[in-house]
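Coordinate analysis (summary)
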Amino acid sequence: MQLAHGERTGLVTRAQIAERAGVKRPAVSNWARRHGDFPVPVRSGDTELFREAEVARWLANRTVPASQRLDGERVGTTYADRFLRSSADHPAAEPEDAEGARPVGSEDEKIVGRLMGRLADRVRGPAPMADYVNLCLTVMYVRHAEPARWRRIEDALSAGQGGRDVPALLRTLGGMAQEALRRNGDHTDMRGSLLQLEPRSWDDLVLAVRTAAGTGAGAFQLVWESFSAREGLQSAEYCSPVGLASLAAELVLTPGQEVRVLDPYARGGEMLAAAYRRIGSSPDAMYGETLDGRMQAVASLYLLHFGVRPQLTSTRSDRWPPDREHSADVVLTNPPFNMSDVPDSGRRTGHWPYGAPPQGNDNLAWVQYVLGALVPGGRAVVVMPVKAGNSVNTAERRIRRALVCCGAVECVITLPSHLFSATPVPVSLWLIRRVERPVRGDILFVDAQEAGMKVRRRRVLRDMDREAITALVRPWLDGKQLPDGEEYAALATDRGLSAVVVSREVVAEDVCSLLPAHHLRGGSYGLAPDWSRLHAAVEDEAEQESGLRLLERGSAAADHRYGPGRGPAGWRETDLRELCEVQPGPSYTRLPAEVRTADAGVPLVFPQDLIEGRIADEPRNRVPWRTAERFAKFELLPDDIVCVRTGAQQQPALVSRRQAGWLLSSNVMRLRVKPDAGVDPLYLHAYLSLRYAREWMAHRAAATAAPSLSSEALRHLPVRLPPPGQQRRSVELLGELDRRTAAHASYVAALGRLRTELTEHLLHGSVEPL
């Protein structure tokens, strides 16, 4: 479908539609179920995505009822007005705000998860994952940084007819990225990389392009982080997390400051992007060096889509050149951890004023290289593995002592582990300065290992964490009058940190440790629990309780009563063959185990996927899309019923809308109610779940050596049906009980979360019983 000029091109989930239209998530499901003209979703694996433009057009015909209008909304306001107005909160083409990327766990992360999951395998074919990543990054760059050229891509997506258009689209996208890179001195063959891809279909490629285009600017780095974790990249190729890069920039840069910033190991450009966000200007004063042409292309695209014109080079023939290409006021860098460039003895060609680094580890080689890149008085923030601060290697201990004695080390901050997506290695920030002679006699040590919030397997530095650290460290760097040691430590504790000021002479003793924990005395019972988590748990419990009370009041008011019945006299008696088409799954010879996959394709339903009358959301087996095309006869539709054919009998399962298009396996069979059969599919599902019906099926299945229920036997299952009106009322009553059961379960879960958070506060003393 051709989009009108100015219409948004992104993809949205049901949850996003609900949020932006100002309704609850179930309301969107009700719209989709009740209205046949609701936009048709596109699939990304098991997820349904909707085109923003189509959703907006559909919502334009739905006026917000008077009882649901918000303050300031006029009569005639539509849900589309809300949806489009809130799009300003979901900018598809705007860069991150000045505080950094949107928080991890936002919708971008979910979309990137879909991009880098099964869809990636469907689009790349036999090509390396790196080529697919280049496609995603290219789409994001063109969509965000070159909107005029993006219109050409939109036209190609709308006009494309099928597989023959795949190479043209890939060639166009690759050419656009290649031109941008070459304008900035990067000769990566992006067009050739993209043409390695072999999508299974035109629709898969279009879905990948539109999904990538629908992300915010923060998703660019999430793609590379996902790639890092999936491919097991070495530490030389990890991304610098946005929160870490932002903290480094905030520690030594000031908004509006005119400085030359260098990252001598630019990775994906995260440090330079953070510097640009912090300074807010001077996009031409960002310099970077890389030792990997692939990483240079990633960094260039990342910075260009922020509006930064990076000056990146990857032509350093000598790892440690004596004559520097750049001199910088500020260096921000995250060099590779615990690695060495070349193992032979002749590799140390650099200038080592603080001592030659050991042959097997470059950690302190990078520190000296950074100091050599600074102008006199210039400052740097270097990400270091924690072990670099207290290693027992003789050469490294000598270098640390020389750095301390000459006053180059101003502050060391220990950060939490698991900041990186691909490694749990804990890190420190070394704040160093190029000085001719010591400026101060002390070093500030800060322990921030408890900072951050756990999100899945990572910890993320939030705005509040960075603000607490910078509020403690910036006055120290600026040379302001500071409280004495005990008062300064208390100041740190108030911010959830631990800190101590230690004289250079004391630090230089013994092993010359630059590990904050070695200089902090006493123990810690941990930081005060997070008030926001308790507040969220309280609000969640109140919301669930309110919803439960509302549902119970509605249930009491509804006419869902029941009383003594007159028995089944006059009910219709028949058997299943008169009501349903019974379709067994394909034979094992047609669909053997070797054609199945766990990663991509159309889900297959097996007996183990039938759980309490429903089909599991994540089936364990799939078949490739092209294979599935040969088995259309075995597709499932909403309100079909799936029964076990071979194996232990399970409660029959009702097919939901999102499971439409899934396939029967050889071990199950499908019941599809015939038109005008006079039976409600929901009633029939409830009937087949009766103990009597399940025992009937189990006894017939047990008559064979291995439990197996034939479709012919199942067709003879006796069924007794009340009149249609009584069927409908029975289904409504059971459905009401299902909704109440789900609401009570949600409330119990909310109470459990509240208890967990309240326990933390009660036993820490931050709250107490009244």
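Conventions adopted
Residues numbered from 1 in each chain as written. Predicted model: local features only at pLDDT ≥ 70, side-chain atom pairs only at ≥ 80, totals over all residues. Heavy atoms only, no water. Patch = residues over 30% accessible without salt bridge, like charges linked within 9 Å, V, L, I, M, F, W, Y side chains within 5 Å. Areas by Shrake-Rupley, 256 points an atom, 1.4 Å probe, with all protein chains shown as cover. Salt bridge = Lys/Arg side-chain N within 4 Å of Asp/Glu carboxyl O. Lys, Arg positive; Asp, Glu negative; His and termini not counted. Charge placed at Lys NZ, Arg CZ, Asp CG, Glu CD. Helix = DSSP H or I, 4+ residues; strand = E, 2+ residues; numbered from the N terminus. Buried < 20%, exposed > 50% of the residue type's maximum accessible area, 1.4 Å probe, protein only. Axes fitted to C-alpha atoms, helices over the stretch in contact; angles between N-to-C directions. Parallel < 35°, antiparallel > 145°, perpendicular 65-115°, else oblique. Left-handed = near helix turned anticlockwise from the far one by under 90°. Contact = heavy atoms within 4.5 Å. Nonpolar A, V, L, I, M, F, W, Y, C, P; charged D, E, K, R; others polar. Pairing = 2+ DSSP bridges.

With that settled, consider a negative patch on the surface. Where like charges cluster on the molecular surface, the negative patch consists of D442, E505, E509 and D510. Residue placement: D510 occurs in the loop between α20 (504-507) and α21 (516-519).

This paragraph deals with a nonpolar patch on the surface. A surface patch of nonpolar side chains, about 280 Å² in accessible area, is lined by L758, L762 and L763. Relative to the helices and strands, L758 is located in helix α28 (residues 724-764).

For A297, the location among the structural elements is in helix α15 (residues 293-304). Judged by its relative accessible area of 4%, A297 is buried. Separated by 107 residues in sequence, A297 and M190 place their C-alpha atoms 8.7 Å apart.

Axis separation between helix α1 (residues 14-21) and helix α2 (residues 25-34) bottoms out at 8 Å; the angle between their running directions is 110°. Our classification of the angle between α1 and α2 gives roughly perpendicular. Note that α1 runs across α2; the crossing there is right-handed. Counted together, R14, A15, I17 and A18 of α1 and R25, V28, S29 and A32 of α2 form the full contact between these two elements. Split into classes, the residues belonging to the contact of α1 with α2 amount to 5 nonpolar, 1 polar and 2 charged.

Once that is clear, we can look at the sheet that holds strand β11 (residues 442-447). Spatially, β6-β5-β4-β7-β8-β10-β9-β11-β14 is the arrangement adopted by the 9 strands of the open sheet, whose pairing is mixed. The two strands at the open ends of the sheet, each matched to only one other strand, are β6 (311-313) and β14 (498-503). Strand-to-strand twist of the sheet, defined as the mean angle between neighbouring strand axes without regard to direction, takes the value 15°. Inspection of the sheet shows β11 paired to β14 by 6 bridges, in the antiparallel sense.

Let's shift gears to the pairing of strand β17 (residues 602-605). Across the two faces of β17 the burial is the same, with V602 and L604 and P603 and V605 all buried. The pairing of β17 with strand β20 (residues 621-623) spans 3 bridges and is antiparallel. Pairing of P603 across the sheet is with R622, part of β20. Where β17 and strand β23 (residues 663-664) come together, 2 bridges link them in parallel fashion. Paired with V605 across the strands is L664, a residue of β23.

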